[in-house]
Amino acid sequence: MQEYIMALDQGTTSSRAIVFDTEGRIVSQAQQEFSQIYPEPGWVEHDPMEIWETQIAVAEKANKELGKKQSVAALGITNQRETVVVWDRMTGEPIYNAIVWQCRRTKDECQRLTDEGYAPLIRRKTGLVVDSYFSATKIKWILDHVPGARARAKAGELLFGTIDTWLLYRLTEGEVHATDCSNASRTMLFNIHEGAWDEELLTLFDIPRGMLPEVHDSSHLYGVVRDKRLAGIPIGGMIGDQQAALFGQRCFAPGSAKNTYGTGCFLLMNVGDIPIESDKGLLTTVAWRLDGKLTYALEGSIFMAGALIQWLRDEMGLLQQVADSETMAKEVQDNGGVYLVPAFTGLGAPYWDMGARGTIVGLTRGSNKNHLVRAALEAICYQVKDVLDLMTEESGVPLSRLRVDGGAVANDFLMSFQSHMLGVPVIRPRLVETTAFGAAALAGLATGFYGGVDELERVLAVDRIFQPDMRPEVQELYYHEWKRAVERSRNWIEK
Ligand code: ADP
């Protein structure tokens, strides 16, 4: 009988299940979207039962496709992070919809915490900036707004979980209430230095300790599925989606980093066993915990990446399909002095200027649409360099290479220019499902499917390595011009 590993990849818009063989090749997969609920402007919810039903349905489908002679040896869960579910311990029924990471309903509460001076304490303990993204204020909101909830929580009747914990609870039919360190580190209740829930923060948010799941290694035998649709499969891994990609990309050494090029960019850099604190708004987060040993990462994101190319297509009508951006960029020798700063909603790290706005500079009579498209692709690369430079500066760990995934990595021009800008190789794997593979691999490690982390080194074949090949003075000039363009975009909105 041939054995495989499965990932449940529970994302913000869909639930997916993917089965891999030992070499990390996809054997079967299934996906199902679920409803996005917007009760008020800026609020986002999901139905936890719909998340569960879609997730178990796709897992059952992917499992059935394997046929009788093949079986799943272990299952790992990766998930949208920070999203909150609170449910009844006895019935397993949620008492409110899941409040999604994107939901801004607690932003005033976060402002209040900042005004009252709690930000440095929270930052020191959790590595996070005070923001409504993270779970703590969302849990508090449910306890404050669902009638009787706080009293029931205090009486031990309610449980909290991020989506990993919720799925684990359903899979084991209420037997196991647990999470891993990476997911815990996104709640704003977890002390990342001690690797434990923080009593002082629990008191600050008035959240009873008894609601919280046990915290384990990211690779750990959490339990065995009891639900009849997948009964008997051991659950061996849990990890937040971005950290799963870092693991799936085998960024095991300090200084190795991954970037996901999607609508926006998500950058994570392994900084080893010291939780480096950022002064410039990067997040410090737990990458994973293995054999009781914590590994940390610095995390930064970029608001506009692939979305910029969509904007050129949909709003400007400059191209038919996003993939055309590559040919168009190659039509011209260089950017012709044109720079596009995509500060559509302000600028994030390292600038943190919410009054900045989108800017195009350097236009001349000879500028054409290809220059503009090229400037857009280059802008993605400059922004990635901005964040990675900050990471290496703050961590003191030099960048060795960048591993990449996400939809836009199909663009060779983008990848090549990225490598020139960073001066390190950019490695594009053949398998782009790095997030799912990361979770499945952690499960495989827990059950002996893989003997150790070194065994993972041979899986995930490389598709292409883009080597830096630009004269340093040219590279410096481009980046210098970019910085000047950024200055032009800043403080556009008058206070
Ligand atoms: P998400 O998970 O954020 O929805 P994906 O990883 O699916 O994103 O990537 C889609 C994004 O990548 C879109 O914003 C799209 O514009 C961009 N993209 C996809 N293919 C290309 C390409 N060949 N060149 C440039 N951008 C691309």
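What you see as residue numbers is a count from 1 along each chain, following the sequence as written. For a predicted model such as this one, the threshold for reporting local features is a pLDDT of at least 70, and the threshold for listing and counting side-chain atom pairs is 80 or more; totals across whole chains, interfaces and linings nevertheless cover every residue. Values shown for side chains rest on all heavy atoms present in the structure; no hydrogens or waters enter the calculation.

### Brief notes about the sheet that holds strand β22 (residues 426-429)
The line we're drawing: We call two strands paired when DSSP finds no fewer than two bridges between them. Secondary structure counts use DSSP, requiring at least four H or I residues in a row for a helix and at least two E residues in a row for a strand, with both numbered from the N terminus. In this analysis, axes come from line fits to C-alpha atoms, helices being fitted only over the stretch in contact, and the angle between any two N-to-C directions falls in the range 0 to 180 degrees.
Ordered by their spatial adjacency, 7 strands build an open sheet running β17-β18-β16-β15-β21-β22-β23, and the pairing between neighbours is mixed. The open sheet has two edge strands, β17 (283-290) and β23 (462-466), and neither has a second partner. The sheet shows a mean angle of 25° between the axes of neighbouring strands, direction not considered. As paired strands, strand β21 (residues 401-405) and β22 are joined by 2 bridges and run parallel to one another. Among the inter-strand pairings, Leu402 is bridged to a residue of β22, identified as Val426.

### Some thoughts on the site of the ligand
The cut-off we apply is this: Nearness is judged by heavy atoms alone; a residue qualifies as near a molecule or strand once a single heavy atom is within 4 Å of it. A 3.5 Å cut-off defines polar contacts: any pair of N or O atoms within that distance qualifies, except that in protein one atom must be a possible hydrogen donor and the other a possible acceptor, and neighbouring residues in sequence count only when both atoms are side-chain atoms. Each accessible area is a Shrake-Rupley result for a 1.4 Å probe, and residues are judged covered by the shown protein chains and nothing else. For this scheme, ten residues count as nonpolar: Ala, Val, Leu, Ile, Met, Phe, Trp, Tyr, Cys and Pro. Four count as charged, namely Asp, Glu, Lys and Arg, and the remainder, Gly too, count as polar.
Every residue lining the ligand is accounted for by Gly262, Thr263, Gly306, Ala307, Gln310, Val322, Ala323, Ser325, Gly406, Gly407, Ala408 and Asn411. Between a nitrogen atom of the ligand and a side-chain N or O atom of Ser325, the distance comes to 3.5 Å. With the chains in place, 66% of the 580 Å² that the ligand exposes on its own is no longer accessible. Sort the elements by how many residues they give to the shell around the ligand and helix α10 (residues 306-314) lands first, with 3 residues. Its residues assigned to classes, the shell around the ligand shows 4 nonpolar, 8 polar and no charged.

### Here's the deal with empty space enclosed by the protein
As a reminder of what qualifies: Think of a 1 Å grid over just the protein atoms. A cavity is a set of points where a 1.4 Å probe fits yet cannot get out, a pocket is an open set with protein on both sides within 12 Å along at least five of seven lines, and lining residues have an atom within 4 Å of a point. Grid points are joined across faces, edges and corners, and a volume is the space filled by probe spheres set on the points. Start and end positions for the domains come from either an automated domain assignment or a database one.
Counted according to the given criterion, the structure contains 2 cavities of 30 Å³ or more. Estimated volume of the largest cavity: approximately 140 Å³. Looking at the lining of the largest cavity, the elements with two or more residues in it are β18 (293-302) and α12 (369-395). Ranked by residues supplied to the lining of the largest cavity, first place goes to α12 with 3 residues. Here the lining of the largest cavity is built from residues that sort into 11 nonpolar, 4 polar and 1 charged. When its volume is computed, the second largest cavity comes out at roughly 30 Å³. The wall of the second largest cavity is formed by Arg123, Arg124, Gly127, Ile192, His193, Pro275, Glu277 and Thr284. For the lining of the second largest cavity, a count of residues per class yields 2 nonpolar, 3 polar and 3 charged. Shared between two domains, the lining of the second largest cavity holds at least three residues of each, these being domain 1 (2-242) and domain 2 (249-429 + 461-495).

### Here we look at the domain arrangement of the protein
Rules: What makes two residues a contact is simply this: any of their non-hydrogen atoms within 4.5 Å. Summed over both partners, the accessible surface that disappears when two parts come together, traced with a 1.4 Å probe, is what is meant by buried area. Salt-bridge detection follows one rule: a side-chain nitrogen of Lys or Arg within 4 Å of a carboxyl oxygen of Asp or Glu.
By the assigned domains, the protein splits into domain 1 (2-242) and domain 2 (249-429 + 461-495). For domain 1 and domain 2, the distance between their C-alpha centres works out to 29 Å. In this complex, domain 1 contributes 23 residues to the contact, which on the side of domain 2 involves 21 residues. For the domain 1 and domain 2 pair, buried surface summed over both sides reaches about 1700 Å², with 50% attributable to carbon and sulfur atoms. Among the residues domain 1 hides against domain 2, the three largest losses belong to Arg123, Asp217 and Gln242. Together they make up 33% of the total. For the pair domain 1 and domain 2, the number of links is 3 salt bridges. Taking the shortest distance from any N to any O, the salt bridge between Glu299 and Arg186 comes out at 3.1 Å. Joining domain 1 to domain 2, the criterion identifies 13 residue pairs in polar contact (both at pLDDT 80 or more). When residues of the side of domain 1 that touches domain 2 are traced back to their parent elements, those giving at least two are α3 (119-126), α7 (181-184) and β12 (214-216). Here the element with the most residues in the side of domain 1 that touches domain 2 is α3; it accounts for 3 residues.

### Things to note about the packing of helix α13 (residues 412-422) against helix α16 (residues 472-489)
Rule in force here: Roughly parallel means an angle under 35 degrees; roughly antiparallel means over 145; roughly perpendicular covers 65 to 115; every other angle is labelled oblique.
Contact pair α13 / α16: the axes reach a minimum separation of 9 Å and the direction vectors enclose 100°. By the angle between their directions, the pair α13 and α16 is classed as roughly perpendicular. Residues Phe417, His420 and Met421 of α13 touch α16, and the partners they reach there are Gln475, Tyr478 and Tyr479. Class assignment for the residues of the contact of α13 with α16 results in 4 nonpolar, 2 polar and no charged.

### What to know about the packing of aromatic side chains
Where we set the bar: Geometry of aromatic contacts follows a simple scheme: Phe, Tyr and Trp rings, the Trp one being its six-membered ring, pair when their centres are within 6.5 Å, and the pair is stacked under 30 degrees between planes, edge-to-face over 60, tilted otherwise. Accessibility here uses a 1.4 Å probe with only protein chains present; expressed as a share of the type maximum, an area under 20% marks a residue as buried, one over 50% as exposed, and anything in between as partly exposed.
Considering all chains together, one arrives at 18 aromatic pairs under this definition. Ring centres of Trp43 and Trp141 lie 5.6 Å apart, and the angle between their planes is 85°; this geometry places the pair in the edge-to-face category. With a gap of 98 residues between them, Trp43 in the loop between β3 (26-33) and β4 (45-46) and Trp141 in helix α4 (residues 135-145) connect regions that are remote in the sequence. Residues Trp43 and Trp141 agree in their burial class; the two are buried. Between the aromatic rings of Trp311 and Phe344, the centroid separation amounts to 4.9 Å while the plane-to-plane angle is 85°, which identifies the pairing as edge-to-face. Of this pair, Trp311 sits in helix α10 while Phe344 sits in the loop between β19 (339-341) and β20 (359-361), placing them 33 residues apart in sequence. The partly exposed category is assigned to Phe344, whose relative accessible area is 26%. Through a chain of ring-to-ring contacts, the aromatic side chains of Tyr339, Tyr382, Phe413, Phe417, Tyr478 and Trp482 assemble into a single cluster.

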